[in-house]
Structures are given as C-alpha cells and as structure tokens.
Amino acid sequence: HPAVIEASLKQAKSDDSMVLIESTSNQVNQDGGYTGMTPRDFVSYVGQIAETVGYPLNRILFGGDHLGPNPWSSQSAEEAMANARKLVQHYAEAGFQKIHLDASMYCADDVGDRAKPLPDEVVATRAAELCGVVEKTWKTSHRSTPPPVYIIGTEVPVPGGAQEAEDHVEVTATADALRTIEVTRDRFLRSGLEDAWSRVCGLVVQPGVEFGDDQVFDYQPDAAAQLSAAIAPYPGMVYEAHSTDYQTEEGLENLVRDHFCILKVGPWLTYAYREALFALEAIEREVAPLHPGSTELSCLSEALDTVMEADPQFWKKYYPGDAGEQAFKRKYSYSDRSRYYWPDARLQEACSRLFANLRSWGIPPSVLSQFMPVKYRQVREGLVTADPADLALARVRDVIAMYARACGMAKDRPAC
C-alpha cells in the first residue's frame, strides 16, 4: 500500500535511519506477480514515493523475500528452477541487495514424503545455484555498489498469518537450524561461493511468534533460549523472524536482544491504516449532521465489504465460520485480508470522498479525541496535523516506530 510505504519512509526520515522494504516472489517477479510489478517496476514505484517524501533512494535497502521456485512449484524442478534463476537475475539487476534464497518447496516431480520438509541437501544445492546467478549479475550490473547480502532458511509461519486456531507455536529446533547453516555452507563452498558465504547474514527461523484471525502468540524468551544462543558461534549472522506482527514492544525488544534481529512486519501496517480509516469514517458520520445537504458520505466500510464479498478469492479460505463471523473477520481480523482490496477503484473513490469531506468540514477536536485519542494528543502537541491523510499515516507510523525503537534505529533510543 502506498500509504504504508510513505509512512515507513517518513518514519525513517524522522529517525535519520535506513529502511528495509521487501517484496516476495509472488508479489513481484519477472512476470509481474500479483501486483503486476517486475522488480524494476517495484524499485521505481518506491522511488517515486521516496522522492515525494524527500527520502534518499540510496538509504533504502530493497529486499527480495522467498526468492526461489515457489511461484512455479507446480512445474517440474527443471522448469521451476529455470524460472527461479530468471527471478533472482531480475531482482539483482533491479538493485535489490538483500536476497532471501528460499528453495524449500517441493516442485512437481520432486520425490519424497510431502508431509516432511524437502531434504536440506536439495534445498541448499538449489539455493547455491541461485546465489551464483545473483553474484554473476551483481558483478555485471552493479559492481560499483556494495555486494548483496543473503538470507537462508525458511519460515514456519504461514505468510500472512495462520489460517486456523492453534494452541501453541513450535520454536525451530536448534539442531535443525544448525544443520541448515552447515549444509548450506558446504554447498556454497563446493560451488566456489566462499565470498558470497561471508555475506550470508541471516537465517530464517521460527522463534515462536505468530498471529491468526483473533489470536497473537507472544514471544517467550525462555522457549527460544537454546535457539537464541546457538547463533553466537557464527560471526556476522543473526536470525530473521517473520510474522512478528502484533507483538508487544517489549516482545520486539526481547527478540532483538536474543539475536532475532531482522523483524518482518506486514499485515499490522495495513491493519493500522484500516483502523485509521474506520475511525475517520466514524468522525465523518458524527460531523455530517452539522453540514446538512453539503455532500454525500463516503460509506467506506460498506464499500469495502461490498468489494470483498464480490471477489472472495483473497479471504474466503482464511475466514471460516458462518456469514456473521465472516463479515466480522472481513473488517477486524488480524490477518487483514482487506489489504488486497484497497487498489479497487470503488475504494479509492470512497477514501478520496472521506478525506475531502473531512477537509471541507474540519475535524472538531472533541470528536477527534473521541475516536482517535492518541492522534488527538499528538495534534495538540503539534506532532501531527489534523488533516485526515496525515492522521491515517500517523497511525501507521505508531507501529513502525515501535520497530524502529526495538531495533535501536530510533532517534530516542540508543542502538542495541
């Protein structure tokens, strides 16, 4: 969402820090992915927002997430890997410098028990093959820039949150994490990628954090203590944690302290943006009677539900239950499947009308206090303007700022 990217860049600008923005192989690839963007398109898209914000493009670290054969896993391994090689080449040519090599998925003709992970040796061999393509492309296209860094391993959490209620989340077994490192290092060295291996800076693991429709599994340091300690003998390497959305700030700080230093967040940001829009719509409804006949209401929440019901492909399998439960989840689920629908023209029009109405009428401070009390305080302190778009961005920045502080990148918090 452009508002999420804008909020991220504004927070980084305020903190005078770099910012890491990633796209996955399903979102952005040489065929356009489900966003319709190639890697070069994505860099340009973010760059345009950065120019508007006044944030230097060279302080954005572009990351490629789960780069491997996943989008083509229904094909043979030979075909899927051919596409994966083109994928990482396109990412490297576009200037992505943080590359998550993930070949952990079965392809159509891979043999073995699919209830078990693909053998480490197969995964590592394919990862090394893809790394070789990235290294060659970097040397050809971007030799004057810093060399790429790599992330290995794969996550246990389902991207976007769990689809079913769970009792607990299993922390990655320490032996499994260490085996991934050792097997992958062996394959890199056998492939003549010693220099590239020195730039492997992270291993994706499950530290025991996850979220679903209505539940969040908080980080438990004791449960991850053994895994945390195991990375210490590998200089320059940390853990990467996915699905860290909705953790407490203390939980995020503890993750970083325990070497889970790269914290991925996604749905929480669009969830926060949706929260702000719903609050602004509530303000619109309260203020409208003071301006009879001036204009029609945005009816944003109704428009969102109409659009989602008409095209259920992005939420249906994630939101079980009867019609009432599904309607509730379409609005309020932590999984925030509504994030896929904001580009719809009807919703863009509703958002524009909402902002236009509130700009025309003004937002009474007492009503802002009722529905957005934290923003009310920030407006009173001169930290945020009362413009509706600024209020929505500020809500997203509330979340991003937690991550900045946890990672030691905020101005008001010393580096860890």
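Use the structure listed above.
Anyway, here's the lowdown on the structure attached to this text. All values derive from a computational prediction rather than experimental measurement. (Residues numbered from 1 in each chain as written. Predicted model: local features only at pLDDT ≥ 70, side-chain atom pairs only at ≥ 80, totals over all residues. Heavy atoms only, no water.)

**Brief notes about the overall build of the protein chain**
Consideration 1: Looking only at helices and strands, one finds 15 helices and nine strands in the protein chain.
Consideration 2: Taking 22 Å as the expected radius of gyration for a compact globule of 416 residues, we find that the protein chain reaches 22 Å, a close match to that expectation.
Consideration 3: With the C-alpha coordinates of the protein chain rotated into their principal frame, the extents come out at 75 × 45 × 45 Å.
Consideration 4: Scored against the burial criterion, the 416 residues of the protein chain give a buried share of 51%.
Consideration 5: In the protein chain, once contacts between residues fewer than 6 apart in sequence are set aside, the share between residues at least 24 apart is 72%.
Consideration 6: Summed over all atoms, the accessible surface of the protein chain reaches about 18,900 Å², with 51% contributed by carbon and sulfur. (Helix = DSSP H or I, 4+ residues; strand = E, 2+ residues; numbered from the N terminus. Rg over C-alpha atoms; globule rule 2.2 N^0.38 Å. Buried < 20%, exposed > 50% of the residue type's maximum accessible area, 1.4 Å probe, protein only. Contact = heavy atoms within 4.5 Å. Areas by Shrake-Rupley, 256 points an atom, 1.4 Å probe, with all protein chains shown as cover.)

**Quick word on the side chain of Gln-247**
Consideration 1: Position of Gln-247 relative to the elements: it lies in the loop between strand S8 (238-241) and helix H8 (249-257).
Consideration 2: Exposure remark for Gln-247: the relative accessible area of 2% places this residue in the buried category.
Consideration 3: At 2.7 Å, the side chain of Gln-247 forms a polar contact with the backbone oxygen of Phe-217.
Consideration 4: Looking at Gln-247, its side chain comes within polar contact range of the main-chain nitrogen of Tyr-219, at 2.9 Å. (Polar contact = N/O pair within 3.5 Å; in protein donor to acceptor, adjacent residues only side chain to side chain.)

**Observations regarding the packing of aromatic side chains**
Consideration 1: Going through the model one piece at a time under the given rule, you end up with 20 aromatic pairs.
Consideration 2: Three or more aromatic residues link up through ring pairs in this structure, and these residues are Phe-211, Tyr-246, Trp-268, Tyr-271, Tyr-334 and Tyr-403.
Consideration 3: The ring of Trp-138 is capped by Arg-199, whose NZ or CZ atom sits 5.9 Å from the centre of that ring.
Consideration 4: In this structure, Arg-274 is placed above the aromatic ring of Tyr-271, and the distance from its NZ or CZ to the ring centre is 4.9 Å. (Phe/Tyr/Trp six-rings, centres within 6.5 Å; stacked < 30°, edge-to-face > 60°. Lys NZ or Arg CZ within 6 Å of the ring centre and 35° of its normal.)

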